[in-house]
Amino acid sequence: MTKNANVNLVTGATGTVGRRIVLELLARGHSVRALTRDPAKADFPDGVEVVRGDLADPASLVPALEGVTGLHLITFDGGGFAALETGPEIVELAARAGVRRITVLNGGGDTPLQEAVKAGGIAWTVIMPVEFMANALAWAEGIRAEDTVREPFVGRLSAMVHEGDIGAVAAVALSEDGHGGKSYLITGPEALTIQDKADALAGARGRRIQVVELTEAQALEQWRAAGQSEEVIGFLLEMYGNTPPEGRTPIGTVEEVTGRPARTFAQWAAEHADVFLRTA
């Protein structure tokens, strides 16, 4: 496929969402430049230009922004995950470079960078995904070892979204007009319980999976043992124990923006079945 002259710069390019944006842009025939603090570890396919840069150091972005028309931003520092305060400088550099469209992966609210983008005069789109299907990878070790998922609040519903669909929505907003000034809530096509997800994984790998419900105290112990911070644990308790309507209500953003239906969790499970297979 012949690439067009427009260049799209994706920051956070090695992350779960950033990588899928890069691959989607590439598949759609767009020139794509992936920004990372460590290009040697980027591991992108041929056709992706990998460049060094750090959102916490705006001056490092100047070479990467040359010729860029579409810019995807994350709202946190890729090193320490602190909220970025460099938004005004980044947006100013983007304007000077001739950037016409900016997408921002929502950082959980109006973060300083997100506010700077909205106020910066460049057409912006906020990408607001609910729970990632990729979060199920956290179950892989327990499933491989004991055919078991151990979670609290097993009856909670989630309209979890395929990370590839997040990438597809962002790629369209970066490369096509008509999406400026919009915040896109992105969900999958179904609201699923933990048992629903375990059943889909079991079907994909051809072996039953048991679901064991943890008490809140047991969940806290499990999360702390896994090294989760108290801030993250507090967020998990709130989201899992009291999932807001937008997190459990499927809507049609993916199809409206990309022209194709959102992918199901069963599709995601089939794509990742080998991760959940016993090794012995």
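Counting restarts for each chain, with residues numbered from 1 along the sequence as it is written. For a predicted model such as this one, the threshold for reporting local features is a pLDDT of at least 70, and the threshold for listing and counting side-chain atom pairs is 80 or more; totals across whole chains, interfaces and linings nevertheless cover every residue. The basis for every side-chain value is the complete set of non-hydrogen atoms in the structure, without hydrogens or water.

(A) Up close: the pattern of salt bridges. Only one rule defines a salt bridge in this text: a Lys or Arg side-chain nitrogen within 4 Å of an Asp or Glu carboxyl oxygen. This structure, assessed with the given rule, holds 13 salt bridges. For R150, the salt bridge is made with E146, and the minimal N-O distance between the two is 3.3 Å. Residue R150 is classed as partly exposed on the basis of its relative accessible area, which comes to 35%. Note that R260 is salt-bridged to D165, the shortest N-O span being 2.9 Å. Highlighted residues: R260 in the loop between helix 10 (253-258) and helix 11 (265-271) and D165 in helix 5 (residues 163-175), separated in sequence by 95 residues. Its relative accessible area of 0% is what places D165 among the buried residues. Each of D147, R205, R207 and R278 takes part in salt bridges that share partners, so that together they form one network. For every residue, the accessible area (1.4 Å probe, protein chains only) is compared with the maximum for its type, and the residue is labelled buried under 20%, exposed over 50%, or partly exposed between those bounds. Numbered from the N terminus, helices here are DSSP runs of H or I no shorter than four residues, and strands are runs of E no shorter than two.

(B) The arrangement of helix 1 (residues 16-27) in detail. Here a helix's expected span is defined as the number of its residues, less one, multiplied by 1.5 Å. Over its 12 residues, helix 1 extends 17 Å from the first C-alpha to the last, a length consistent with the 16 Å expected when each residue adds 1.5 Å. Buried within helix 1 we find V17, G18, I21, V22, E24, L25 and L26. When checking whether two residues touch, look at their non-hydrogen atoms; a contact exists if any pair is within 4.5 Å. Looking at the packing, one finds that the buried side of helix 1 touches strand 1 (7-10), strand 2 (31-36), strand 3 (48-52), strand 4 (68-73), strand 5 (101-105) and helix 5. Of the residues one or two after helix 1, G29 is the one with positive phi, at around 85°.

(C) Layout of the packing of helix 1 against helix 5. Here, axes are lines fitted to C-alpha atoms. For helices the fit covers the stretch in contact, and angles between N-to-C directions go from 0 to 180 degrees. At a minimum axis separation of 8 Å, helix 1 and helix 5 run at an interaxial angle of 55°. Judged on the interaxial angle alone, helix 5 and helix 1 are oblique. The crossing of helix 1 and helix 5 is right-handed. Here T16, V17, R20, I21, E24 and L25 of helix 1 come into contact with helix 5, specifically with E163, G164, I166, G167, A168, A170, A171 and L174. Each residue is assigned to one of three groups, with Ala, Val, Leu, Ile, Met, Phe, Trp, Tyr, Cys and Pro labelled nonpolar, Asp, Glu, Lys and Arg labelled charged, and all others, Gly among them, labelled polar. The class makeup of the residues in the contact of helix 1 with helix 5 is eight nonpolar, three polar and three charged. Reported orientations rely on four angle classes, namely roughly parallel under 35 degrees, roughly antiparallel over 145, roughly perpendicular from 65 to 115, and oblique for the rest. The crossing is said to be left-handed when, going from far helix to near helix, the turn is anticlockwise and less than a right angle, and right-handed when the turn is clockwise.

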